[in-house]
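Spelled out from the first residue to the last, the chains are:
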Amino acid sequence: MPSSIELIVASHVALKDRRGLEELREHRRQLLEQLRTVSGIDPIRTIERMEDDIRAIDEGLEQLKPPPGTLPENEWR
């Protein structure tokens, strides 16, 4: 059964919503950075989950990447 983030990523891919995926990835990265500075609790499992989410988002972005040579390099960030 797909995780929640996998379903969200699949929806963005189906809609060809690269910007939405990039925003989602940036949000997850910010959360990950905050988790790494937490003290008083052990956030390792949550950190692992955020890293898994970012990998899933990156895979979705790869699916949306245009074929080589179809866009100038500066058009795809």
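Structure first, text after, so check above.
In this report, we go over the structure that sits alongside the text. Just so we're clear, the structure is a prediction, and the values are computed from it rather than from any experiment. (Residues numbered from 1 in each chain as written. Predicted model: local features only at pLDDT ≥ 70, side-chain atom pairs only at ≥ 80, totals over all residues. Heavy atoms only, no water.)

Let's shift gears to the pattern of salt bridges. One pass over the full model with this rule turns up six salt bridges. Among the ionic pairs, Arg 36 bridges to Glu 51, the shortest N-O distance being 2.8 Å. Here Arg 36, found in helix H2 (residues 18–36), pairs with Glu 51, found in helix H3 (residues 44–64); they are 15 residues apart in sequence, far enough to count as distant. A relative accessible area of 46% places Arg 36 in the partly exposed class. Overall, the relative accessible area of 27% leaves Glu 51 in the partly exposed class. Put simply, Asp 53 and Arg 49 hold a salt bridge, and the shortest N to O gap is 3.8 Å. Separated by four residues within a single helix, Asp 53 and Arg 49 lie in helix H3, roughly one turn from each other. For Asp 53, a relative accessible area of 5% translates into the label buried. (Salt bridge = Lys/Arg side-chain N within 4 Å of Asp/Glu carboxyl O. Helix = DSSP H or I, 4+ residues; strand = E, 2+ residues; numbered from the N terminus. Buried < 20%, exposed > 50% of the residue type's maximum accessible area, 1.4 Å probe, protein only.)

Take helix H1 (residues 4–14) next. All of the buried residues along H1 are Ile 5, Val 9, His 12 and Val 13. Along the axis of H1, the buried positions cluster into a sector of 100 degrees, meaning they face one direction only. Facing away from the buried side of H1 by more than 90 degrees, the exposed set consists of Ser 4 and Ala 14. Those residues of H1 that are buried lie in contact with H2 and H3. (Arc of directions from axis to C-beta. Contact = heavy atoms within 4.5 Å.)

Of note in the backbone geometry, Lys 16 takes a positive phi value of approximately 55 degrees without being a glycine. You can see Lys 16 is positioned in the loop between H1 and H2.

Bringing H3 into the picture now. The first and last C-alpha atoms of H3 sit 31 Å apart over 21 residues, in line with the 30 Å expected at 1.5 Å per residue. For H3, the complete set of buried residues consists of Ile 47, Met 50, Asp 53, Ile 54, Ala 56, Ile 57, Gly 60, Leu 61 and Leu 64. Elements in contact with the buried residues of H3: H1 and H2. (Expected span 1.5 Å × (residues − 1).)

Bringing the nonpolar core into the picture now. Core analysis: the largest hydrophobic core is formed by nine residues, namely Ile 5, Val 9, Val 13, Leu 21, Leu 24, Ala 56, Ile 57, Leu 61 and Leu 64. Of all the secondary structure elements, the ones that give two or more residues to this core are H1, H2 and H3. The next biggest cluster of nonpolar side chains, apart from the first, holds five residues, and it includes Leu 32, Ile 47, Met 50 and Ile 54. (Core = buried A, V, L, I, M, F, W, Y, C linked by side-chain atoms within 4.5 Å.)

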